[in-house]
Amino acid sequence: MTIVVLSLGDLETNCYVVWDDPDRALVIDPADDPDSILTVIRSKGLTVQAVLLTHVHFDHMLAAEAVCQATGAPLWAGAGDEPALGDPGRNLSTWLPGGQAVTLTADRLLREGDRLSMGGQTLTVWETPGHTPGCICLVGDGVLFSGDTLFCGSIGRIDFPGGDVTAMRASLSRLCALPDETAVYSGHGPATTIGREKMSNPYLR
Ligand SMILES: [Zn+2]
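Note that this is a predicted model, so its numbers are computed, not measured.

Trainee: Can you help me understand the overall build of the chain in this one?
Mentor: The helix and strand tally for the chain stands at five helices and 14 strands. Counting only C-alpha atoms and orienting by the principal axes, one finds that the chain spans roughly 45 × 40 × 30 Å. The proportion of buried residues among the 205 residues of the chain is 46%. Contacts in the chain between residues far apart in sequence, at least 24 positions, make up 58% of those at least 6 positions apart.

Trainee: What is the right way to look at the sheet that holds strand E6 (residues 108–110) in this model?
Mentor: What links the strands of a sheet is backbone hydrogen bonding, and the strands pair in either a parallel or an antiparallel sense. Pairing is mixed across the open sheet formed by six strands, whose spatial order is E1-E2-E3-E4-E5-E6. Strands at the two margins of the open sheet, each flanked by one partner only, are strand E1 (2–8) and E6. Each neighbouring strand pair of the sheet contributes to a mean axis angle of 25 degrees, computed without reference to strand direction. The pairing of strand E4 (residues 48–53) with strand E5 (residues 75–78) spans three bridges and is classified as parallel. In the strand pairing of E5, Val51 is matched with Leu75.

Trainee: I would appreciate a short explanation of the sheet that holds strand E10 (residues 143–147) in the present structure.
Mentor: Ordered in space as E7-E8-E9-E10-E13-E14, the six strands form an open sheet in which the pairing is mixed. Every interior strand has two partners, whereas the edge strands, strand E7 (115–117) and strand E14 (192–193), have only one. Pairing analysis gives four bridges linking E10 to strand E13 (residues 183–186), with the strands arranged parallel. By the bridge assignment for E13, Leu144 is matched with Val184.

Trainee: Sorry, what's going on with the pairing of E4 here?
Mentor: Two faces make up the sheet, and in a regular strand the side chains alternate between them. When you tally the buried positions in E4, you get five out of six residues, the bulk of the element. Pairing between strand E3 (residues 25–28) and E4: four bridges, direction parallel. Along E4, the bridge assignment pairs Ile28 with Leu52. Running through helix H1 (residues 34–43), the crossover from E3 to the neighbouring parallel element E4 is right-handed. Where the polypeptide runs from E4 across helix H2 (residues 64–71) and back to E5, its parallel neighbour, the crossover connection is right-handed.

Trainee: Mind showing me how you'd approach the pairing of E10 here?
Mentor: Counting buried positions over the five residues of E10 gives four, a clear majority of the element. Summarising the sheet, strand E9 (residues 136–140) and E10 pair through three bridges and their orientation is antiparallel. Looking at the pairing, Gly140 lines up with Val143 of E10. The antiparallel pairing of E9 with E10 creates a hairpin that spans two residues between the two strands, and Gly142 there sits at a positive phi of about 80 degrees.

Trainee: Sorry, what's going on with the environment of Pro202 here?
Mentor: Looking at the secondary structure, you find Pro202 in the segment after helix H5 (194–200). Owing to 8 C-beta atoms within 10 Å, Pro202 belongs among the exposed residues under this scheme. Residues Pro202 and Ile155 lie 47 residues apart in sequence; the distance between their C-alpha atoms is 9.3 Å.

Trainee: How should I be thinking about the nonpolar core in this particular structure?
Mentor: Judged by nonpolar contacts, the single largest core of 57 residues is most densely connected at Cys15, Val27, Ile28, Ile37, Val51, Ala77 and Cys137. Counting residues per element, this core draws most heavily on strand E2 (residues 13–19), which supplies five residues. When near neighbours in sequence (up to four residues on either side) are disregarded, Ile28 contacts Cys15, Tyr16, Val18, Leu52, Thr54 and Phe145.

Trainee: Got a minute to help me understand unusual backbone geometry in this structure?
Mentor: For residues besides glycine, phi is generally negative; the peptide bonds are generally trans as well. Phi at Asp29 is positive, roughly 60 degrees, even though this residue is not glycine. We note that Asp33 has phi near 80 degrees; this positive angle belongs to a residue other than glycine. With respect to the secondary-structure elements, Asp33 resides in the loop between E3 and H1.

Rules used throughout
- Residues numbered from 1 in each chain as written.
- Predicted model: local features only at pLDDT ≥ 70, side-chain atom pairs only at ≥ 80, totals over all residues.
- Helix = DSSP H or I, 4+ residues; strand = E, 2+ residues; numbered from the N terminus.
- Buried ≥ 20, exposed ≤ 12 C-beta atoms within 10 Å, placed from the backbone.
- Contact = placed C-beta atoms within 7 Å.
- Pairing = 2+ DSSP bridges.
- Axes fitted to C-alpha atoms, helices over the stretch in contact; angles between N-to-C directions.
- Right-handed = clockwise from strand over helix to strand, strands pointing away.
- Core = buried A, V, L, I, M, F, W, Y, C linked by C-beta atoms within 7 Å.

What is shown is where atoms sit, not what they do.
Next up, the structure:
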């Protein structure tokens, strides 16, 4: 699987463009700046099968509408976060200056066990509530896209609307059961591995 990471916007949110088969690429978390994302898509000759959100917070979806429009790709999001798509209070876009509140509609709601075929590899949807009710992680062969559930050295905040510390603990335990060598690509910050986080992440002790 080829993975291109773009760190975008004021919150340095990671957007991942991933593909095995260039005709079935996925854009994970289209953060700020559609031009950067579309430049990758065009320069690599990719066809985007879907734009998907690990969770519905504004910094992970600011470019969603523009990227979907330019590529014709559908928008997929975790079923548990559906209410936040149309609610700027829940997706936190009320924080944005100038009243540019964001509302979106998903073309498909992703649920536990959904399998996203990329041609060669398949990514499986895990529902990992805690940071938001509908947070999802994408689990592939030796790879995890963890959104804002697990970061290198930290975890996602649970003090936003819909945050849930008990659910977060359960979600993190689940991720920790993945093989140590699993590469972790999170919503903010550098990549890591499950083994490294189990050794050094203070929130996983
Ligand atoms: Zn978030």
